[in-house]
Amino acid sequence: MIDYNPKDWLKYIFYFQKADTVRKLMPLILGIGAYSTVLAYLILVVWRIGENTDLKNISLMHSLLGFVISMLLVFRTNTAYDRWWEGRKQWGGLMNSSRNLSLKISGLVGKEHPEELEFFRVMIPNYAFAFKNHLRGRFIANDFTELPEFRQSDLHLDDHIPNQIAAALFKKSIELQRKGIILPEHVLLLNTELESFTNICGACERIKNTPIPLSYSSFIKKFISMYCLTLPIGYVFSLHFLVIPCVMFVFYVLASLEVIAEEIEDPFGVDANDLPIDRICQGIQASANALLK
(Lines give C-alpha, C1' and ligand atoms only; values in the text may rest on other atoms or scores of the structure.)
Protein backbone atom coordinates (compact mmCIF):
# COMPACT_ATOMS: atom_id res chain seq x y z
CA MET A 1 0.00 0.00 0.00
CA ILE A 2 1.29 3.46 -0.93
CA ASP A 3 1.31 6.13 1.80
CA TYR A 4 0.43 9.56 0.48
CA ASN A 5 -0.96 12.96 1.42
CA PRO A 6 -4.50 13.22 -0.05
CA LYS A 7 -4.36 17.01 0.19
CA ASP A 8 -1.40 17.30 -2.21
CA TRP A 9 -3.23 17.92 -5.50
CA LEU A 10 -0.42 19.10 -7.78
CA LYS A 11 1.89 16.21 -6.99
CA TYR A 12 -0.63 13.51 -7.82
CA ILE A 13 -2.06 15.19 -10.91
CA PHE A 14 1.31 14.75 -12.62
CA TYR A 15 2.41 11.59 -10.76
CA PHE A 16 2.16 8.29 -12.63
CA GLN A 17 3.27 5.41 -10.44
CA LYS A 18 3.48 1.78 -11.50
CA ALA A 19 -0.11 0.94 -10.62
CA ASP A 20 -1.62 3.99 -12.30
CA THR A 21 -4.41 3.16 -14.72
CA VAL A 22 -2.80 5.24 -17.49
CA ARG A 23 0.08 2.77 -17.71
CA LYS A 24 -2.17 -0.26 -17.55
CA LEU A 25 -4.60 1.03 -20.15
CA MET A 26 -2.10 2.72 -22.49
CA PRO A 27 -2.22 -0.02 -25.19
CA LEU A 28 -6.03 0.08 -25.22
CA ILE A 29 -6.12 3.90 -25.16
CA LEU A 30 -3.76 4.05 -28.14
CA GLY A 31 -5.83 1.38 -29.86
CA ILE A 32 -9.08 3.29 -29.43
CA GLY A 33 -7.26 6.43 -30.61
CA ALA A 34 -6.08 4.69 -33.79
CA TYR A 35 -9.58 3.31 -34.39
CA SER A 36 -11.11 6.79 -33.96
CA THR A 37 -8.52 8.30 -36.31
CA VAL A 38 -9.23 5.79 -39.08
CA LEU A 39 -12.99 6.12 -38.67
CA ALA A 40 -12.90 9.94 -38.66
CA TYR A 41 -10.67 9.97 -41.74
CA LEU A 42 -12.98 7.63 -43.63
CA ILE A 43 -16.14 9.55 -42.73
CA LEU A 44 -14.80 13.09 -43.24
CA VAL A 45 -12.23 12.66 -46.04
CA VAL A 46 -12.86 9.45 -47.96
CA TRP A 47 -16.63 9.00 -47.84
CA ARG A 48 -17.39 12.70 -47.17
CA ILE A 49 -20.62 11.99 -45.39
CA GLY A 50 -22.48 15.21 -44.70
CA GLU A 51 -24.07 16.37 -41.45
CA ASN A 52 -27.54 15.60 -42.78
CA THR A 53 -26.93 11.87 -42.34
CA ASP A 54 -28.83 9.91 -39.72
CA LEU A 55 -25.54 8.61 -38.33
CA LYS A 56 -25.17 11.73 -36.21
CA ASN A 57 -28.27 10.69 -34.27
CA ILE A 58 -26.26 7.87 -32.71
CA SER A 59 -25.18 10.47 -30.16
CA LEU A 60 -28.73 10.27 -28.78
CA MET A 61 -28.02 6.68 -27.80
CA HIS A 62 -24.97 7.79 -25.85
CA SER A 63 -27.04 10.38 -24.01
CA LEU A 64 -29.60 7.74 -23.04
CA LEU A 65 -27.01 5.16 -21.99
CA GLY A 66 -24.73 7.61 -20.17
CA PHE A 67 -26.85 7.40 -17.00
CA VAL A 68 -26.97 3.59 -17.19
CA ILE A 69 -23.22 3.16 -17.54
CA SER A 70 -22.55 5.64 -14.74
CA MET A 71 -24.86 3.73 -12.38
CA LEU A 72 -23.21 0.42 -13.30
CA LEU A 73 -19.72 1.77 -12.65
CA VAL A 74 -20.73 3.39 -9.36
CA PHE A 75 -22.21 0.10 -8.17
CA ARG A 76 -19.09 -1.75 -9.38
CA THR A 77 -16.62 0.51 -7.58
CA ASN A 78 -18.72 0.65 -4.40
CA THR A 79 -18.94 -3.14 -4.30
CA ALA A 80 -15.17 -3.47 -4.79
CA TYR A 81 -14.46 -0.86 -2.10
CA ASP A 82 -16.79 -2.64 0.32
CA ARG A 83 -14.67 -5.76 -0.12
CA TRP A 84 -11.47 -3.75 0.42
CA TRP A 85 -12.83 -2.08 3.55
CA GLU A 86 -14.22 -5.34 4.93
CA GLY A 87 -10.76 -6.88 4.53
CA ARG A 88 -9.24 -3.93 6.38
CA LYS A 89 -11.70 -4.32 9.26
CA GLN A 90 -10.93 -8.02 9.53
CA TRP A 91 -7.18 -7.41 9.69
CA GLY A 92 -7.76 -4.67 12.25
CA GLY A 93 -9.72 -7.23 14.25
CA LEU A 94 -6.80 -9.66 14.01
CA MET A 95 -4.48 -6.98 15.38
CA ASN A 96 -6.83 -6.34 18.31
CA SER A 97 -7.34 -10.05 19.03
CA SER A 98 -3.58 -10.66 18.95
CA ARG A 99 -2.95 -7.82 21.39
CA ASN A 100 -5.76 -8.94 23.70
CA LEU A 101 -4.48 -12.52 23.69
CA SER A 102 -0.97 -11.29 24.48
CA LEU A 103 -2.28 -9.11 27.31
CA LYS A 104 -4.29 -11.94 28.85
CA ILE A 105 -1.45 -14.44 28.59
CA SER A 106 0.91 -11.89 30.12
CA GLY A 107 -1.44 -11.40 33.05
CA LEU A 108 -2.41 -15.04 33.57
CA VAL A 109 0.97 -16.71 33.04
CA GLY A 110 3.66 -15.43 35.36
CA LYS A 111 7.27 -14.84 34.46
CA GLU A 112 8.13 -18.01 36.36
CA HIS A 113 6.94 -19.83 33.22
CA PRO A 114 9.23 -18.34 30.53
CA GLU A 115 8.81 -21.26 28.11
CA GLU A 116 5.04 -20.83 28.02
CA LEU A 117 5.36 -17.08 27.51
CA GLU A 118 7.89 -17.65 24.74
CA PHE A 119 5.52 -20.04 23.00
CA PHE A 120 2.77 -17.43 22.71
CA ARG A 121 5.24 -14.64 21.95
CA VAL A 122 6.40 -16.54 18.88
CA MET A 123 3.25 -18.34 17.78
CA ILE A 124 0.87 -15.36 17.79
CA PRO A 125 2.95 -13.51 15.13
CA ASN A 126 3.48 -16.85 13.35
CA TYR A 127 -0.29 -17.07 12.90
CA ALA A 128 -0.47 -13.57 11.39
CA PHE A 129 2.37 -14.20 8.94
CA ALA A 130 1.02 -17.64 7.99
CA PHE A 131 -2.45 -16.13 7.48
CA LYS A 132 -1.00 -13.41 5.24
CA ASN A 133 0.86 -15.94 3.09
CA HIS A 134 -2.17 -18.25 3.04
CA LEU A 135 -4.27 -15.48 1.47
CA ARG A 136 -1.53 -14.97 -1.12
CA GLY A 137 -1.39 -18.68 -1.91
CA ARG A 138 2.17 -19.36 -0.83
CA PHE A 139 4.36 -20.29 2.14
CA ILE A 140 7.46 -18.27 3.04
CA ALA A 141 9.77 -20.20 5.34
CA ASN A 142 11.56 -17.06 6.57
CA ASP A 143 8.28 -15.72 7.97
CA PHE A 144 7.96 -18.67 10.34
CA THR A 145 9.87 -18.64 13.64
CA GLU A 146 10.59 -22.09 15.02
CA LEU A 147 10.32 -23.26 18.62
CA PRO A 148 11.74 -26.44 20.18
CA GLU A 149 8.19 -27.77 20.62
CA PHE A 150 6.85 -26.53 17.27
CA ARG A 151 9.16 -26.61 14.29
CA GLN A 152 8.55 -25.86 10.66
CA SER A 153 8.79 -29.59 9.93
CA ASP A 154 5.70 -30.09 12.10
CA LEU A 155 3.61 -28.16 9.57
CA HIS A 156 1.76 -29.95 6.79
CA LEU A 157 2.38 -27.46 3.99
CA ASP A 158 -0.34 -28.95 1.78
CA ASP A 159 -2.98 -28.33 4.45
CA HIS A 160 -4.42 -25.16 6.01
CA ILE A 161 -1.38 -23.72 7.79
CA PRO A 162 -3.17 -20.99 9.81
CA ASN A 163 -5.53 -23.62 11.21
CA GLN A 164 -2.57 -25.73 12.30
CA ILE A 165 -1.05 -22.80 14.20
CA ALA A 166 -4.42 -21.86 15.73
CA ALA A 167 -4.84 -25.47 16.86
CA ALA A 168 -1.38 -25.38 18.47
CA LEU A 169 -2.30 -22.17 20.34
CA PHE A 170 -5.53 -23.69 21.63
CA LYS A 171 -3.80 -26.94 22.55
CA LYS A 172 -1.21 -24.95 24.51
CA SER A 173 -3.98 -23.14 26.40
CA ILE A 174 -5.55 -26.45 27.41
CA GLU A 175 -2.12 -27.71 28.44
CA LEU A 176 -1.64 -24.69 30.72
CA GLN A 177 -4.95 -25.45 32.39
CA ARG A 178 -4.07 -29.11 32.91
CA LYS A 179 -0.75 -28.16 34.48
CA GLY A 180 -2.55 -25.81 36.87
CA ILE A 181 -0.82 -22.70 35.52
CA ILE A 182 -4.20 -21.17 34.66
CA LEU A 183 -7.70 -21.96 35.91
CA PRO A 184 -10.45 -23.58 33.79
CA GLU A 185 -12.37 -20.31 33.60
CA HIS A 186 -9.25 -18.66 32.22
CA VAL A 187 -9.44 -20.97 29.19
CA LEU A 188 -12.88 -19.55 28.48
CA LEU A 189 -11.36 -16.08 28.74
CA LEU A 190 -8.67 -16.96 26.19
CA ASN A 191 -11.11 -18.79 23.93
CA THR A 192 -12.70 -15.54 22.73
CA GLU A 193 -9.47 -14.38 21.07
CA LEU A 194 -8.52 -17.85 19.83
CA GLU A 195 -11.94 -18.29 18.25
CA SER A 196 -11.76 -14.87 16.61
CA PHE A 197 -8.60 -15.95 14.75
CA THR A 198 -10.57 -18.60 12.86
CA ASN A 199 -13.56 -16.29 12.33
CA ILE A 200 -11.34 -13.61 10.80
CA CYS A 201 -9.61 -16.20 8.62
CA GLY A 202 -12.96 -17.43 7.32
CA ALA A 203 -14.18 -13.90 6.57
CA CYS A 204 -11.06 -13.05 4.56
CA GLU A 205 -11.23 -16.36 2.69
CA ARG A 206 -14.83 -15.50 1.78
CA ILE A 207 -13.68 -12.18 0.29
CA LYS A 208 -10.80 -13.77 -1.61
CA ASN A 209 -12.64 -16.84 -2.91
CA THR A 210 -15.85 -15.09 -3.97
CA PRO A 211 -15.05 -12.73 -6.84
CA ILE A 212 -17.56 -10.57 -8.67
CA PRO A 213 -19.67 -12.86 -10.92
CA LEU A 214 -18.07 -13.34 -14.34
CA SER A 215 -21.20 -12.42 -16.27
CA TYR A 216 -21.44 -9.07 -14.46
CA SER A 217 -17.78 -8.18 -14.94
CA SER A 218 -17.86 -9.31 -18.57
CA PHE A 219 -21.00 -7.27 -19.28
CA ILE A 220 -19.42 -4.06 -17.95
CA LYS A 221 -16.34 -4.54 -20.15
CA LYS A 222 -18.51 -5.18 -23.22
CA PHE A 223 -20.71 -2.20 -22.40
CA ILE A 224 -17.74 0.17 -22.03
CA SER A 225 -16.16 -1.14 -25.25
CA MET A 226 -19.32 -0.80 -27.36
CA TYR A 227 -20.07 2.61 -25.86
CA CYS A 228 -16.63 3.97 -26.76
CA LEU A 229 -16.44 2.26 -30.18
CA THR A 230 -19.64 3.99 -31.27
CA LEU A 231 -18.68 7.41 -29.87
CA PRO A 232 -16.71 8.53 -32.97
CA ILE A 233 -19.66 7.78 -35.26
CA GLY A 234 -22.03 9.98 -33.31
CA TYR A 235 -19.74 12.93 -32.58
CA VAL A 236 -17.40 13.09 -35.59
CA PHE A 237 -19.84 15.38 -37.44
CA SER A 238 -19.76 18.04 -34.69
CA LEU A 239 -16.21 17.62 -33.36
CA HIS A 240 -14.51 16.50 -36.59
CA PHE A 241 -10.97 15.28 -35.80
CA LEU A 242 -11.22 16.55 -32.23
CA VAL A 243 -13.34 13.47 -31.65
CA ILE A 244 -10.10 11.43 -31.42
CA PRO A 245 -8.76 12.87 -28.10
CA CYS A 246 -12.31 13.09 -26.75
CA VAL A 247 -12.97 9.39 -27.30
CA MET A 248 -9.58 8.47 -25.84
CA PHE A 249 -10.32 10.50 -22.71
CA VAL A 250 -13.82 9.06 -22.26
CA PHE A 251 -12.45 5.52 -22.63
CA TYR A 252 -9.70 6.28 -20.12
CA VAL A 253 -12.20 7.51 -17.51
CA LEU A 254 -14.67 4.65 -17.90
CA ALA A 255 -12.10 1.86 -18.19
CA SER A 256 -10.07 3.23 -15.27
CA LEU A 257 -13.03 2.80 -12.93
CA GLU A 258 -13.29 -0.86 -13.93
CA VAL A 259 -9.52 -1.41 -13.56
CA ILE A 260 -9.51 0.20 -10.09
CA ALA A 261 -12.43 -1.98 -9.03
CA GLU A 262 -10.64 -5.11 -10.29
CA GLU A 263 -7.55 -4.26 -8.24
CA ILE A 264 -9.17 -3.46 -4.91
CA GLU A 265 -11.77 -6.25 -4.90
CA ASP A 266 -8.98 -8.68 -3.87
CA PRO A 267 -7.17 -6.57 -1.25
CA PHE A 268 -4.74 -9.17 0.10
CA GLY A 269 -2.08 -9.15 -2.63
CA VAL A 270 1.01 -7.05 -3.16
CA ASP A 271 -0.38 -4.39 -5.51
CA ALA A 272 0.10 -0.73 -4.70
CA ASN A 273 -3.54 -0.30 -3.62
CA ASP A 274 -3.83 -3.52 -1.60
CA LEU A 275 -4.01 -3.61 2.18
CA PRO A 276 -0.78 -3.09 4.17
CA ILE A 277 -0.98 -6.55 5.73
CA ASP A 278 2.81 -6.92 5.85
CA ARG A 279 2.91 -3.86 8.09
CA ILE A 280 0.04 -5.19 10.21
CA CYS A 281 1.89 -8.50 10.71
CA GLN A 282 4.97 -6.60 11.83
CA GLY A 283 2.80 -4.62 14.25
CA ILE A 284 1.38 -7.83 15.71
CA GLN A 285 4.91 -9.15 16.14
CA ALA A 286 6.07 -5.96 17.84
CA SER A 287 3.06 -6.02 20.22
CA ALA A 288 3.64 -9.66 21.14
CA ASN A 289 7.34 -9.02 21.76
CA ALA A 290 6.55 -6.03 23.99
CA LEU A 291 3.79 -7.68 26.02
CA LEU A 292 5.26 -11.16 26.44
CA LYS A 293 8.95 -10.40 26.94
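Here, the structure is the one placed above.
Given the structure is predicted, the values throughout are model-derived calculations rather than measurements.

Rules of the game
Residues numbered from 1 in each chain as written. Predicted model: local features only at pLDDT ≥ 70, side-chain atom pairs only at ≥ 80, totals over all residues. Heavy atoms only, no water. Salt bridge = Lys/Arg side-chain N within 4 Å of Asp/Glu carboxyl O. Helix = DSSP H or I, 4+ residues; strand = E, 2+ residues; numbered from the N terminus. Buried < 20%, exposed > 50% of the residue type's maximum accessible area, 1.4 Å probe, protein only. Core = buried A, V, L, I, M, F, W, Y, C linked by side-chain atoms within 4.5 Å. Contact = heavy atoms within 4.5 Å. Patch = residues over 30% accessible without salt bridge, like charges linked within 9 Å, V, L, I, M, F, W, Y side chains within 5 Å. Areas by Shrake-Rupley, 256 points an atom, 1.4 Å probe, with all protein chains shown as cover.

Visitor: Account for the pattern of salt bridges, naming residues and giving values.
Guide: Inspection of every chain in the model, using the stated rule, returns 18 salt bridges. Between arginine 206 and glutamate 86 there is a salt bridge, with the nearest N and O atoms lying 4.0 Å from each other. Here arginine 206, found in helix α6 (residues 184-209), pairs with glutamate 86, found in helix α3 (residues 58-108); they are 120 residues apart in sequence, far enough to count as distant. The salt bridge partner of glutamate 146 is arginine 151, with a shortest N-O separation of 3.6 Å. In this structure arginine 151 comes out as partly exposed when scored by relative accessible area, which is 40%. Linked through salt bridges whose partners overlap, the residues forming this network are Arg76, Lys221, Glu258, Glu262 and Glu265.

Visitor: Can you tell me about the nonpolar core, naming the residues and giving the values?
Guide: Formed by 49 residues in total, the largest nonpolar core has its most connected members in Trp91, Leu94 and Phe131. Every element with two or more residues in this core is listed here: α3, α4 (114-135), α5 (161-178), α6, α8 (243-264) and α9 (277-291). Other than its neighbours up to four places away in sequence, tryptophan 91 contacts Ala128, Phe131, Lys132, Leu135, Cys204, Phe268, Ile277, Ile280 and Cys281. Formed by 25 residues, the second largest nonpolar core is a distinct cluster that contains Ile29, Leu72, Cys228 and Val259.

Visitor: Give a detailed account of a nonpolar patch on the surface, specifying residues and quantitative values.
Guide: On the surface, Tyr41, Val45, Val46, Trp47 and Phe241 cluster together into a nonpolar patch covering about 500 Å² of accessible area. Summarising the element assignment, tryptophan 47 is placed in the loop between α2 (21-46) and α3. Relative accessible area serves as the criterion here: at 51%, tryptophan 47 is assigned to the exposed category.

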